[in-house]
Amino acid sequence: MSGKARLPAGEPRKASQRNSRRAAPITAKITPVWRAGDAVRWKGRSGVFRRDTGDGEHAEILVDKRVYRVRTSELG
């Protein structure tokens, strides 16, 4: 074979098909479901999940007797 991409019957591709690339696959990001009392890590600190603020982006966590409002994407 010459190394060129050909159609299944052997004929060459059209010019408009030669350099086309497939779209990158979409990867779904799975976010964990946090419940009150769950242990969490945030910026290297251990804490306890208190509640979700309801906006879909932030949560309240308890670290060393202080309550922080943080993004849920930063929790580990």
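Each remark here, short or long, concerns the structure printed above.
Calculation criteria
Residues numbered from 1 in each chain as written. Predicted model: local features only at pLDDT ≥ 70, side-chain atom pairs only at ≥ 80, totals over all residues. Heavy atoms only, no water. Core = buried A, V, L, I, M, F, W, Y, C linked by side-chain atoms within 4.5 Å. Buried < 20%, exposed > 50% of the residue type's maximum accessible area, 1.4 Å probe, protein only. Helix = DSSP H or I, 4+ residues; strand = E, 2+ residues; numbered from the N terminus. Contact = heavy atoms within 4.5 Å. Pairing = 2+ DSSP bridges. Axes fitted to C-alpha atoms, helices over the stretch in contact; angles between N-to-C directions. Salt bridge = Lys/Arg side-chain N within 4 Å of Asp/Glu carboxyl O.

Caption draft 1: Focus on the nonpolar core. By size, the foremost hydrophobic cluster in this structure holds eight residues: V40, W42, F49, A59, I61, V63, V70 and L75. The set of elements that each furnish at least two residues to this core consists of β1 (39–42) and β3 (58–63). Excluding residues that lie within four positions of it along the chain, V40 makes contacts with W34, R45, S46, G47, V48, F49, I61, L75 and G76.

Caption draft 2: Structural detail: the sheet that holds β3. Strand order in this open sheet of four strands is β1-β2-β3-β4, and the pairing throughout is antiparallel. At either end of the open sheet lies a strand with only one pairing partner, and these are β1 and β4 (66–71). The sheet shows a mean angle of 50° between the axes of neighbouring strands, taken without regard to direction. The pairing of β3 with β4 spans six bridges and is antiparallel. In the strand pairing of β4, V63 is matched with R66.

Caption draft 3: View of the pattern of salt bridges. Considering all chains together, one arrives at three salt bridges under this definition. We note a salt bridge from R69 to D55, for which the minimum N-O separation is 3.3 Å. Pair noted here: R69 is in strand β4 and D55 is in the loop between β2 (45–52) and β3, with a separation of 14 residues, a long-range link. On the basis of relative accessibility, which here comes to 54%, the residue R69 falls in the exposed class. Owing to a relative accessible area of 42%, D55 belongs among the partly exposed residues under this scheme. For R71, the salt bridge identified is with E57, shortest N-O distance 3.5 Å. One end of the pair, R71, is in strand β4; the other, E57, is in the loop between β2 and β3, and 14 residues separate them in sequence.

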